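One letter stands for each residue in the lines below.
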Amino acid sequence: MKHERLLLSGLIIMLAVLINRPVQAQQGQAAKPTIYRLDTKKSKLLWTAPKNRHNGFILFTSGNLSNVTDGWPTTGAFNINMTSMRSTSETTAAETKKVDGKLKSDEFFL
């Protein structure tokens, strides 16, 4: 159940990022489909937890979109590194460390 919630949370976040993050196009030969690769050095998955008034980011390890039909990609895959999840809403280093510790705890995504 924990992994299902984690997967669902990740998918929701990825959909939000698809709308707002840049991708790099890699043009293939005529026989190959166009593949858009995510620039992982410039892209972050931004998150917000309104109930607790926290926000932050998670880093991607890879991502791509392909099978472009009528200007829209129909296939895609993204990988995120959940251990890179960080809070950016705290005002002190101690508060940030505390929140980041909670984010990485086993109970967080239960």
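Residues numbered from 1 in each chain as written. Predicted model: local features only at pLDDT ≥ 70, side-chain atom pairs only at ≥ 80, totals over all residues. Heavy atoms only, no water.

Caption draft 1: Local environment of the nonpolar core. Membership of the largest hydrophobic core is limited to 12 residues, which are Leu38, Leu45, Trp47, Ile58, Phe60, Leu65, Phe78, Ile80, Met85, Val99, Leu103 and Phe109. Among the secondary structure elements, those contributing two or more residues to this core are strand 3 (44-49), strand 4 (54-69), strand 5 (72-87) and helix 2 (93-103). The residues touching Met85, leaving out its near neighbours within four places in the chain, are Trp47, Phe57, Ile58, Asp100, Leu103, Lys104, Phe108 and Phe109. (Core = buried A, V, L, I, M, F, W, Y, C linked by side-chain atoms within 4.5 Å. Buried < 20%, exposed > 50% of the residue type's maximum accessible area, 1.4 Å probe, protein only. Helix = DSSP H or I, 4+ residues; strand = E, 2+ residues; numbered from the N terminus. Contact = heavy atoms within 4.5 Å.)

Caption draft 2: Expanded view of the packing of aromatic side chains. Counted according to the given criterion, the structure contains one aromatic pair. When the ring centre of Phe57 is taken as reference, the NZ or CZ atom of Lys44 above it lies at 4.2 Å. (Phe/Tyr/Trp six-rings, centres within 6.5 Å; stacked < 30°, edge-to-face > 60°. Lys NZ or Arg CZ within 6 Å of the ring centre and 35° of its normal.)

Caption draft 3: Representation of the environment of Leu103. Among the secondary structure elements, Leu103 is positioned in helix 2. The contact partners of Leu103, leaving out residues within four places of it in the chain, are Trp47, Met85, Arg86, Ser87 and Phe108.

Caption draft 4: Representation of the side chain of Asp100. On the secondary structure map, Asp100 appears in helix 2. For the buried Asp100, which has no salt bridge, the nearest side chain bearing the opposite charge is Arg86, at an N-O separation of 4.4 Å. Discounting chain neighbours no more than four positions away, the residues touching Asp100 are Met85, Arg86 and Ser87. (Lys, Arg positive; Asp, Glu negative; His and termini not counted. Salt bridge = Lys/Arg side-chain N within 4 Å of Asp/Glu carboxyl O.)

Caption draft 5: Up close: the pairing of strand 5. Sheet topology places strand 4 next to strand 5; 11 bridges connect them, and they run antiparallel. By the bridge assignment for strand 5, Phe60 is matched with Ile80. Counting the residues between successive antiparallel strands, the hairpin from strand 4 to strand 5 contains two residues, one of them, Asp70, with a positive phi of roughly 55 degrees. (Pairing = 2+ DSSP bridges.)

Caption draft 6: Geometry of unusual backbone geometry. The phi dihedral of Asn67 falls on the positive side, at around 55 degrees, and the residue is not glycine. With respect to the helices, strands and loops of the structure, Asn67 is situated in strand 4. For Asn67, a relative accessible area of 34% translates into the label partly exposed.

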